[in-house]
Each structure stands twice: as C-alpha cells, then as structure tokens.
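Descriptive structure summary
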Amino acid sequence: MARFEDLRQLLWDPDSSCGVQLPLTRQAIAQAEDRLGVVLPGALLDLLRTRNGGQIADDWNAFPTSGATSWSADHVPFDSMMGIGHREEALSMLDSPYLVAEWGLPANVVTFSGDGHWWIGLDYRAGGGHGEPSVTWFDADDGTELPLAPDFRSFVEGLTSAGRFESDEPA
C-alpha cells in the first residue's frame, strides 16, 4: 500500500490534461463547500492542490472491493477524478447536486468519479455535511451501493492497478 503523501504526485496521469480544472484556490474551496453544503476532506483538498482533477495513472486506477458490483467481481474503476471548477466539457464536483438528482443517487453525496451508470462519492449521510465522509460506490443502473473506504485518505491509499485483477467482468 502506498502512502498518501507519495501518491499526491504519483496518482495523476502525466500525459493527460483531460478533465483538469484551473489550479485550486482558497476562494474556490470556500465557494464549493458553500454550494455543496459540506466541509470537503482535507486529504481530498491536499490532492487537488497538487492537480485539480483529471486522469489517474494506470498504477492507481482501481479500488479492490469486498463484494461484486456490476463492474467486476473484485474491484471498481477509478480512471479519472473530478476537480473543483467550471471548465467546459469537464465534470466537476460542483456538478454533484445535478448528478445526484439526474441519476437518483442518495442526498448528501458529493460525486468525484463516475460515468453515469456508476459513481464514486463522498458519502456524508452518516456524519452530516461537517463530518468526515466515507467513500461509497453507487451503481445507478441497479440502485445498489457498496462502501469502499471509511474516509478519502484510506480510499486513495487503497488504490491499485486494474491490471492486477483478472477480469472486469462481474461475478
């Protein structure tokens, strides 16, 4: 398992600028937290200060799961992460209220990765908007969810390469 401090630089795909928002500022963080009605995790903000979203390096593009999902029997994808901003044609965590409503996700979730059929989000349901959120997988097609990590830092430290899994086929 990699240390979070090491992953701040290693996590991002250096050959892609797809989905990258403008550099993160204190003002953008304050506006995002106000708009989303939550306090964003410090580990998430540390990561986004290094690079504000974008494609994930192949060494860290999957998270192992304790159960099967519609994606795979033993992991979920994590090939990109939303930043905080307003760049056209790039989803942002600021789009979470719309995405939650559009895809029928639970309230008190801030999406940070996904493609519409599935999402990975900061799950504030247990602790409210000011507590430390867990990280949860949401399958919009079949209405299921699977807890992934107790907090964002643990989620990042648990990332691995999708190549270590035999198949992307669900069980």
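Anything mentioned here points back to the structure above.
In short, a report on the structure. (Residues numbered from 1 in each chain as written. Predicted model: local features only at pLDDT ≥ 70, side-chain atom pairs only at ≥ 80, totals over all residues. Heavy atoms only, no water.)

**Some remarks on the overall build of the chain**
Along its length, the chain carries five helices and eight strands. Shown N-terminal to C-terminal, the secondary structure of the chain runs as helices and strands in the order α-α-α-β-β-β-β-α-β-β-β-β-α. Relative to its 171 residues, the chain shows a buried fraction of 48%. Look at the contacts in the chain between residues 6 or more apart in sequence, and 61% of them connect residues 24 or more apart. Here the chain has roughly 8500 Å² of accessible surface; of this, 48% comes from carbon and sulfur atoms. One way to put it: in the chain the 10 positive side-chain charges average out to a point 11 Å from where the 27 negative ones average out. (Helix = DSSP H or I, 4+ residues; strand = E, 2+ residues; numbered from the N terminus. Buried < 20%, exposed > 50% of the residue type's maximum accessible area, 1.4 Å probe, protein only. Contact = heavy atoms within 4.5 Å. Areas by Shrake-Rupley, 256 points an atom, 1.4 Å probe, with all protein chains shown as cover. Lys, Arg positive; Asp, Glu negative; His and termini not counted. Charge placed at Lys NZ, Arg CZ, Asp CG, Glu CD.)

**Topic: the pattern of salt bridges**
Between side chains of opposite charge, a pair can form when the charged atoms approach closely. Here the structure, examined in full by the defined rule, presents six salt bridges. Taking the shortest distance from any N to any O, the salt bridge between Arg-49 and Asp-46 comes out at 3.2 Å. With a gap of three residues between them, Arg-49 and Asp-46 both fall in helix α3 (residues 42-50), about one helical turn apart. Exposure remark for Arg-49: the relative accessible area of 48% places this residue in the partly exposed category. Looking at Asp-46, the relative accessible area reads 30%, which means it is partly exposed. (Salt bridge = Lys/Arg side-chain N within 4 Å of Asp/Glu carboxyl O.)

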